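Below are the chains, spelled out letter by letter.
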Amino acid sequence: MKDEGKYTTIHYQNYLEIDALLSLQKNRSAALGENAHDETLFIIMHQAYELWFKQILTELASVCKLFREERVHEDNMNTVLLRLKRVSTIIELMIEQIKVMETMTPLDFLDFRDYLFPASGFQSMQFRMIEALLGLREDDRMTYHGKSYKIAFTEQQQQQLDEIEKGGSLFELVEGWLERTPFLQFEGFDFLSAYRAAVDRMVAREKEAINKSDYLTDRMKTMRTKMLGDSSTYFKHVLSRESHDELVGSGQGRLSYDATVAALLINLYRDKPILNIPFNLLAELTTIDALLTTWRYRHAQMVMRMIGNKIGTGGSSGHEYLSQTAEKHKIFRDLHNISSLLIPRSELPELPEGVARSLGFYYSSGRA
Ligand code: HEM
Ligand SMILES: N[C@@H](CC(=O)c1ccccc1NC=O)C(=O)O
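Residues numbered from 1 in each chain as written. Chains lettered and ligands numbered in written order. Predicted model: local features only at pLDDT ≥ 70, side-chain atom pairs only at ≥ 80, totals over all residues. Heavy atoms only, no water.

Taken together, 28 residues lie near ligand 1, and Arg 128, His 299, Gly 314, Ser 316 and Tyr 321 sit nearest. Within the backbone of Gly 315, an N or O atom sits 3.4 Å from an oxygen atom of ligand 1. Structurally, ligand 1 is housed in the largest pocket. Taken together, the elements giving at least two residues each to the shell around ligand 1 come down to α4 (39-68), α7 (125-134), α15 (273-307) and α16 (319-328). Here the element with the most residues in the shell around ligand 1 is α15; it accounts for 7 residues. Split into classes, the residues belonging to the shell around ligand 1 amount to 15 nonpolar, 11 polar and 2 charged. (Near = heavy atom within 4 Å. Polar contact = N/O pair within 3.5 Å; in protein donor to acceptor, adjacent residues only side chain to side chain. 1 Å grid on protein atoms, 1.4 Å probe; cavity = no way out; pocket = protein on both sides within 12 Å on 5 of 7 lines; lining within 4 Å. Sits in = over half its atoms within 2 Å of the grid points. Helix = DSSP H or I, 4+ residues; strand = E, 2+ residues; numbered from the N terminus. Nonpolar A, V, L, I, M, F, W, Y, C, P; charged D, E, K, R; others polar.)

Written out as structure tokens, the structure is:
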């Protein structure tokens, strides 16, 4: 029978291939000159990161696959959420792990740095795959001496990255899912008109608060009122498809109009039971983005501590390049921007009863 061997005994050492694993730390300093004590730490740190990258990629690939299976779509959402939570927990650990790297002093790093040239983190394929799978596109990246970041990789690896960038990243899958959300069509309820009125009420109240202030001078009041904006300034993009599309066309946004309105609705009405999971999903994506940004900053900060303003072994400007990637390589910026479109609960347009009922739990709808 095929199952017979299923429960044969196995030893820890064999199951986890410990011998193979522990044979992989080979100090170049020892091979080419004098062994540098801290190089072992340097190698283990990177190998541990690559293992976590592998786990993150496993989770992201499975999440993308679940998003593509339209038939059982909604049933998959909880699994998607749990796996994305796992990704953010791993990134939290990756951030913490930088501390261990920082137990190496800059002088100790110099004992073996020369042996590393011209290798660098630029050449981590798994890191690039994580970025691409989340949705970072070539055009959104910092340029590397005017050349593509892909030049660090073999032709086959470049094709792999091209494939991901062509479509099917998590960003695009989430965008498609948002566009298909059924509650975009509220029967007989014009959400956007009600929202516009609510925005104007909110802004009017904020203006009143500014003008009534005992602490602000008249000049400050005028300035703040001007800066405040209203439904004819930055809110106007979500109120008009044309205006939103112009913004996207000029590269100031990426998420489609329908997806943006859906994300706004999910955030505003997140307490309706049916929207709980969609809300948590969007929140998790912004968490992953923020954590990855924090990792980039922490890495850049560590680089400043280790090599100051020296150029990197990979040929970049080093710290300067890395700190710029932290701001530029954000992926779910549009989801963070939803916060600037929110209005207080007290201003929230009331949903017609039929809509409110269909967003509640089935068993509380009176139909059970
Ligand atoms: C002493 C410790 C480290 C130093 C001084 C350092 C330095 C640098 C520098 C200068 C760069 C820019 C590329 C270049 O010109 O060389 C870079 C990129 C990178 N490093 Fe490190 N690094 C360190 C540790 C790590 C660790 C532990 C990881 C974990 C995998 C890592 C991952 C990366 C990645 C993924 C990039 C590419 C970032 C991007 O292009 O967005 N580095 N590193
Ligand atoms: N780029 C670093 C060297 C370095 O950190 C590194 C070298 C080889 C393999 C991985 C590395 N880690 C991250 O960039 C430097 O310029 O010192």
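Under the present numbering, the feature "binding site: substrate" (unreviewed entry) in UniProt falls on Arg 113 and Thr 313. Spanning 201 residues, the named residues form one tight spatial group whose C-alpha atoms are at most 8.4 Å apart. When the annotated set is filtered for residues lining the largest pocket, what remains is Arg 113 and Thr 313. Following the sequence through the fold, Arg 113 ends up in the loop between α6 (106-110) and α7. Ignoring anything within four residues of it in the chain, the contact list for Arg 113 reads Ile 307, Lys 310, Ile 311, Gly 312 and Thr 313. Turning to its location among the elements, Thr 313 is positioned in the loop between α15 and α16. The residues contacting Thr 313, other than those within four sequence positions of it, are Arg 113, Phe 117, Pro 118, Ala 119 and Ser 120. (UniProt positions renumbered as here; feature names shortened; annotations may be inferred. Contact = heavy atoms within 4.5 Å.)

The next point concerns the environment of Lys 330. Structurally, Lys 330 is set in the loop between α16 and α17 (333-337). A relative accessible area of 24% means that Lys 330 is categorised as partly exposed. In the structure, Lys 330 is positioned 269 residues away from Ala 61 in sequence and 20 Å away in space, judged by C-alpha atoms. For Lys 330, the contacting residues outside a window of four places in its chain are Asp 289 and Thr 293. In terms of polar contacts, Lys 330 uses its side chain to reach the side chain of Glu 327, at 3.0 Å. (Buried < 20%, exposed > 50% of the residue type's maximum accessible area, 1.4 Å probe, protein only.)

Attention now moves to the nonpolar core. The biggest cluster of nonpolar side chains holds 96 residues, and the ones touching the most others in it are Phe 67, Leu 170, Leu 178 and Tyr 195. At 14 residues, α15 tops the list of elements feeding residues into this core. With near-sequence residues (within four places) excluded, Tyr 195 lies in contact with Phe 235, Val 238, Leu 239, Leu 264, Leu 268, Leu 341, Ile 343 and Pro 349. (Core = buried A, V, L, I, M, F, W, Y, C linked by side-chain atoms within 4.5 Å.)

For the structure shown, the criterion picks out 13 aromatic pairs. Ring plane angle 25 degrees and centroid distance 5.6 Å describe the contact between Phe 191 and Tyr 195, whose orientation is recorded as stacked. With Phe 191 and Tyr 195 both in helix α10 (residues 191-212) and 4 residues apart, this pair spans about one turn of that helix. For the residue pair Phe 191 and Tyr 195, the accessibility class agrees, reading buried in each case. Above the face of the Tyr 149 ring, Arg 141 is positioned so that its terminal group lies 3.8 Å from the ring centre. Above the plane of the ring of Phe 279 lies Arg 270, whose end atom (NZ or CZ) is 5.3 Å from the centre. (Phe/Tyr/Trp six-rings, centres within 6.5 Å; stacked < 30°, edge-to-face > 60°. Lys NZ or Arg CZ within 6 Å of the ring centre and 35° of its normal.)

So, on to the layout of surface pockets. To locate leftover empty space, one rolls a probe as large as a water molecule over the atoms. Reported here for the largest pocket is a volume of approximately 1200 Å³. The wall of the largest pocket is formed by 44 residues, among which His 46, Ser 120, Gly 121, Phe 122 and His 299 lie closest to the centre. Per element, the largest residue contribution to the lining of the largest pocket is 9 residues, and it comes from α4. Class assignment for the residues of the lining of the largest pocket results in 21 nonpolar, 15 polar and 8 charged. (Points joined across faces, edges and corners; volume = space filled by probe spheres on them.)

To continue, consider α16. Those residues of α16 that fall on the buried side of the exposure criterion are His 319, Tyr 321, Leu 322, Thr 325 and Ala 326. What you see down the axis of α16 is that its buried residues fit within an arc of 165 degrees, all on one side. The secondary structure elements touched by the buried residues of α16 are α7 and α15. (Arc of directions from axis to C-beta.)

One donor from the polypeptide reaches the iron atom of ligand 1: His 299 (NE2), at 2.2 Å. Note that the iron atom of ligand 1 binds 6 donor atoms; their angles at the metal cover 76 to 179 degrees, and the shape is octahedral. (Donors = N, O, S within 2.8 Å, 3.2 Å for Na, K, Ca; no water. Tetrahedral: all angles 85-135°; square planar, octahedral: opposite > 155°, others 65-115°.)

On to the pattern of salt bridges. Tallied over the entire structure, the rule returns 21 salt bridges. In this structure, the salt-bridge partner of Lys 65 is Glu 69, at a minimum N-O distance of 3.8 Å. Asp 271 is the salt-bridge partner of Arg 345, the closest N and O atoms lying 3.1 Å from each other. Of this pair, Arg 345 sits in the loop between α17 and α18 (353-358) while Asp 271 sits in the loop between α14 (257-268) and α15; the two residues are 74 residues apart in sequence, bridging distant segments of the chain. Asp 271 gets classed as partly exposed once you look at its relative accessible area, which sits at 49%. (Salt bridge = Lys/Arg side-chain N within 4 Å of Asp/Glu carboxyl O.)

Here we come to the site of ligand 2. Looking at ligand 2, the residues that line it are Phe 42, His 46, Phe 109, Arg 113, Leu 116, Ala 119, Ser 120, Gly 121, Ile 307, Gly 312 and Thr 313. Contacts to ligand 2 include His 46, whose side-chain N or O atom sits 2.7 Å from a nitrogen atom. Within the backbone of Gly 121, one N or O atom sits 2.9 Å away from an oxygen atom of ligand 2. For ligand 2, whose free accessible area comes to 390 Å², the fraction covered by protein is 79%. (Areas by Shrake-Rupley, 256 points an atom, 1.4 Å probe, with all protein chains shown as cover.)

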